[in-house]
Amino acid sequence: EILKNLAAMDVGTMKNKKKMGEVILTDMDTIEKSNLSRQLLFRDGDVGKFKSVAAQEAMKRMNSKVNMNVHTSKVGDDPMGQSVFDDSFWSSGVDIVLNALDNVEARLFIDSQCVANKKALIDAGTLGAKGNVQVVVPKKSESYGSSADPPEPTIPVCTLKNFPYEISHTIQWGRDLFDGLYNRRPSQINEQKESLSTMELSNFARELLAKVGEDVATEMAEELVEDMIFFDPDDDEYASQIKSAALNWALDLATKLYDDAMSNLLKKHPLNSLDDDEKPFWSGARRAPTPLRYRED
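All values reported here derive from a predicted model rather than from experimental measurement.

Scoring rules and cut-offs
- Residues numbered from 1 in each chain as written.
- Predicted model: local features only at pLDDT ≥ 70, side-chain atom pairs only at ≥ 80, totals over all residues.
- Heavy atoms only, no water.
- Axes fitted to C-alpha atoms, helices over the stretch in contact; angles between N-to-C directions.
- Helix = DSSP H or I, 4+ residues; strand = E, 2+ residues; numbered from the N terminus.
- Left-handed = near helix turned anticlockwise from the far one by under 90°.
- Contact = heavy atoms within 4.5 Å.
- Nonpolar A, V, L, I, M, F, W, Y, C, P; charged D, E, K, R; others polar.
- Core = buried A, V, L, I, M, F, W, Y, C linked by side-chain atoms within 4.5 Å.
- Buried < 20%, exposed > 50% of the residue type's maximum accessible area, 1.4 Å probe, protein only.
- Expected span 1.5 Å × (residues − 1).
- Patch = residues over 30% accessible without salt bridge, like charges linked within 9 Å, V, L, I, M, F, W, Y side chains within 5 Å.
- Areas by Shrake-Rupley, 256 points an atom, 1.4 Å probe, with all protein chains shown as cover.
- Salt bridge = Lys/Arg side-chain N within 4 Å of Asp/Glu carboxyl O.
- Pairing = 2+ DSSP bridges.
- Right-handed = clockwise from strand over helix to strand, strands pointing away.

Draft legend 1. Representation of the packing of helix α6 (residues 167-198) against helix α9 (residues 238-268) in the model. Running from N to C, α6 and α9 point in directions that differ by 145°, and their axes come no closer than 14 Å. α6 and α9 meet at a crossing whose hand is right-handed. Listed contacts from α9 to Trp173, Leu177, Leu181 and Tyr182 of α6 are Trp249, Leu253, Leu257 and Tyr258. When its residues are assigned to classes, the contact of α6 with α9 shows eight nonpolar, no polar and no charged.

Right under this line is the structure:
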């Protein structure tokens, strides 16, 4: 939303006596399919790209005159001292900062740099249908860090899914997985079983699409196919069939979570790969995963 507005305002297109204006953008995350329904810039073909790179392409489509300088680095303390966002950047490389962050820690770091270097800051955030904007003017208004936000209730989904780096992240990931498998999905079956038993499959699919949209309907359909397995209690093999199905389900889930997902992430970003700033991709808060492969022996 911010980038769309900047493009419409011709920000980053003017030139003064010293230099050409530009919009500097950074985001270390890549685009997931679930991101597509929550913003204006990304399309199906952008899935897998860095958000900052895809955002640059979208801004150029909106306004080809905008000068962009994009990065895929985390903004924060860098113990190695190799960040492109060093003291020189904060002192003379930027005039005004616009935040579109998803955690308080990063907001406080940005705020501290703006205060130290007397830079104007506009901080914005959303939570569901709620939104907040704070304008910080050097020496005229309080800074973002002058007042405390309430504790963060959740951890960003992209951190949990691809780049967890704290024990709390893995705990939250496990809790979300458990709730999905043993609460949400059984409830989903109970809610849909009557419709599935009384409606034609094509009618059920059309109704589902109309209610929740294509992405959610596709995911729900895949889950229902996986979860709705029927057994005959009168069958002599009833108990062994359930045991076999349960073991196969557990093995398939473990392979999907601990082998396939991690292997795909490493294919996309190999251990020796570099980000767009020519820095090691797997560094800082990003920790390379190790796939776990099941062997019957």
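Draft legend 2. Seen up close, the nonpolar core. One finds Leu3, Phe42, Met59 and Met68 to be the most contacted residues of the largest nonpolar core, which totals 16 residues. At the level of secondary structure, the elements contributing two or more residues to this core comprise α1 (2-8), β1 (23-26), α2 (51-62) and β2 (68-71). For this core, the element with the highest residue contribution is α2, accounting for four residues. Contacts of Met59, omitting those with residues within four sequence positions, involve Leu3, Leu6, Ala7, Val66 and Met68. If you look at the next biggest cluster of nonpolar residues, it comprises 13 residues, including Val75, Val97, Phe109 and Ile110.

Draft legend 3. Seen up close, the environment of Met262. As for its position among the elements, Met262 is in helix α9. Classification of Met262 as partly exposed rests on a relative accessible area of 21%. Measuring from C-alpha to C-alpha, the distance between Met262 and Leu181 comes to 20 Å, with 81 residues separating the pair along the chain. Every residue in contact with Met262, bar those within four places of it in the chain, is listed here: Leu257, Pro289, Thr290 and Pro291.

Draft legend 4. Just α2, in detail. Over its twelve residues, α2 extends 16 Å from the first C-alpha to the last, a length consistent with the 16 Å expected when each residue adds 1.5 Å. Those residues of α2 not exposed but buried are Lys51, Ser52, Val53, Ala54, Ala55, Ala58 and Met59.

Draft legend 5. View of a nonpolar patch on the surface. Among the surface-exposed residues, Ile229, Phe231, Tyr238 and Ile242 lie close enough to one another that they form a single nonpolar patch of about 320 Å² accessible area. Along the chain, Tyr238 turns up in helix α9. Relative accessible area serves as the criterion here: at 31%, Tyr238 is assigned to the partly exposed category.

Draft legend 6. Spotlight on the sheet that holds strand β4 (residues 120-127). Strands sit in the order β3-β4-β5 across an open sheet of three strands; the sheet is mixed. Across the chains shown, the open sheet's two edge strands, defined by having one partner strand only, are β3 (96-99) and β5 (130-136). When strand polarity is set aside, the average angle formed by the axes of neighbouring strands in this sheet is 10°. The sheet contact formed by β4 and β5 spans seven bridges and is antiparallel. Residue Leu127 lies in a different strand from β5, and its bridge partner there is Lys130.

Draft legend 7. Focus on the pairing of β4. With four bridges joining them, β3 and β4 adopt parallel strand pairing. Residue Val97 lies in a different strand from β4, and its bridge partner there is Leu121. Handedness of the crossover joining β3 and β4 through helix α4 (residues 104-117) is recorded here as right-handed.

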